[in-house]
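The chain contents come next:
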Amino acid sequence: MVAALEALERLRLGNQQFVNGHGVREIRVTHSRRQELVDAQNPFAIILGCSDSRVPAELVFNQGLGDLFVIRVAGNIVMPSQIGSVEFAAEKFGTRLVVVLGHSQCGAVLATLDELKQPTESRSPNLRHIVDAIRPSVEGLFETYPEGCGDTHKEKLVEASVRANIQASVDRLRHGSDILEAMISDGRILVVGAEYSLETGIVDFLGEQQG
């Protein structure tokens, strides 16, 4: 079992290797590694990330088979199925670290901002479900970054919205499950947010020392 802070450092190192192009992930995807995992797995971190094709968690953190328990959904939102998946991995495998991984220029966040600026009736009800999940964490930011203040304000609105959505998902995991809340209180798991930069490849961990 890997301690939460040790797991966090392993992710930091893996991301640094990814950014520098000095990956060692290949040694973790061999035939022998597959055979090791046939009967059991022991992921050292749970990653709840966005479905965006540009942000595959295993590559971003330079990890291989069996290293990460990855849950992906557009906008890295947290709903009962995602909470249940985190509960399962935390209880079944004893994984101590949970990372909500958002990213710059998130399409689901951008779609939510567009919906807030100009509501549409033609949007798919399923997509609207995602937008509605993101909406509460970002709608108040329009007052801080009002329209008509130039491109810089627009960029800051998007940046702030991405981070607010990550934090909202972290909060839902921390306080949306009696099981996870008890595990956090007992120090058995750590739940943190992180943002991946599409531009640089760097993952910025947000407030990782919080319980």
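Not measured: the values here are computed from a predicted model.

Calculation rules
- Residues numbered from 1 in each chain as written.
- Predicted model: local features only at pLDDT ≥ 70, side-chain atom pairs only at ≥ 80, totals over all residues.
- Heavy atoms only, no water.
- Helix = DSSP H or I, 4+ residues; strand = E, 2+ residues; numbered from the N terminus.
- Rg over C-alpha atoms; globule rule 2.2 N^0.38 Å.
- Buried < 20%, exposed > 50% of the residue type's maximum accessible area, 1.4 Å probe, protein only.
- Contact = heavy atoms within 4.5 Å.
- Areas by Shrake-Rupley, 256 points an atom, 1.4 Å probe, with all protein chains shown as cover.
- Lys, Arg positive; Asp, Glu negative; His and termini not counted.
- Charge placed at Lys NZ, Arg CZ, Asp CG, Glu CD.
- Axes fitted to C-alpha atoms, helices over the stretch in contact; angles between N-to-C directions.
- Parallel < 35°, antiparallel > 145°, perpendicular 65-115°, else oblique.
- Left-handed = near helix turned anticlockwise from the far one by under 90°.
- Nonpolar A, V, L, I, M, F, W, Y, C, P; charged D, E, K, R; others polar.
- Core = buried A, V, L, I, M, F, W, Y, C linked by side-chain atoms within 4.5 Å.
- Salt bridge = Lys/Arg side-chain N within 4 Å of Asp/Glu carboxyl O.
- Expected span 1.5 Å × (residues − 1).

Draft legend 1. Structural context of the overall build of the protein chain. Scanning the protein chain from N- to C-terminus turns up nine helices and five strands. Along the protein chain, helices (α) and strands (β) appear in the sequence α-α-β-α-β-α-β-α-α-α-α-α-β-β when read from the amino end. A compact globule built from 211 residues would reach a C-alpha radius of gyration of about 17 Å, and the protein chain, at 18 Å, matches this within 12%. Seen through its C-alpha atoms, the protein chain measures out along the principal axes to roughly 55 × 40 × 35 Å. In the protein chain, buried positions account for 45% of the 211 residues. Pairs at least 24 residues apart make up 70% of the contacts formed inside the protein chain by residues separated by at least 6 positions. Counting every atom, the protein chain has about 10,600 Å² of accessible surface; 50% of that belongs to carbon and sulfur. Computing the positive centroid from 20 side-chain charges and the negative centroid from 28, the protein chain places the two 4 Å apart.

Draft legend 2. Layout of the packing of helix 4 (residues 80–93) against helix 9 (residues 178–185). Relative orientation of the contacting elements helix 4 and helix 9 amounts to 45°, with a least axis distance of 9 Å. When the axes of helix 4 and helix 9 are compared, the pair comes out oblique. Crossing hand, helix 4 versus helix 9: left-handed. Of the residues in helix 9, those touching helix 4 at Ile83, Val86, Glu87, Ala90 and Glu91 are Ile179, Leu180 and Met183. Each residue belonging to the contact of helix 4 with helix 9 can be placed in one class, and the counts come to six nonpolar, no polar and two charged.

Draft legend 3. Local environment of the nonpolar core. Of all hydrophobic cores here, the largest spans 37 residues; its most connected members are Ile46, Val86, Leu173 and Ile189. The dominant element in this core, judged by the number of residues it contributes, is helix 8 (residues 151–175), at six residues. Once you skip the residues sitting within four places of it in the chain, isoleucine 46 turns out to touch Phe69, Ile71, Val86, Ala89, Ala90, Thr95, Leu97, Val98 and Val99. Grouped together as the second largest cluster of nonpolar side chains are 22 residues, Val55, Leu68, Val99 and Ala194 included.

Draft legend 4. How the structure looks around the pattern of salt bridges. For the structure on display, the rule yields nine salt bridges. Linking glutamate 115 and arginine 128 is a salt bridge whose minimum nitrogen-to-oxygen distance equals 3.2 Å. Here the residue glutamate 115 occupies a position in helix 5 (residues 107–117), and arginine 128 occupies one in helix 6 (residues 125–138), the gap between them amounting to 13 residues. Its relative accessible area of 3% is what places glutamate 115 among the buried residues. Accessibility expressed as a relative area gives 22% for arginine 128, which makes it partly exposed. Linked through salt bridges whose partners overlap, the residues forming this network are Arg163, Glu195 and Asp204.

Draft legend 5. Layout of helix 4. The first and last C-alpha atoms of helix 4 sit 20 Å apart over 14 residues, in line with the 20 Å expected at 1.5 Å per residue. For helix 4, every residue scored as buried is listed here: Gln82, Ile83, Val86, Glu87, Ala89, Ala90 and Phe93. Of the residues trailing helix 4, glycine 94 is marked for its positive phi of about 70°.

Draft legend 6. Here's a closer look at the environment of glycine 207. On the secondary structure map, glycine 207 appears in the segment after strand 5 (203–206). Note: C-alpha distance between glycine 207 and glycine 193 (14 residues apart in sequence) is 7.1 Å.

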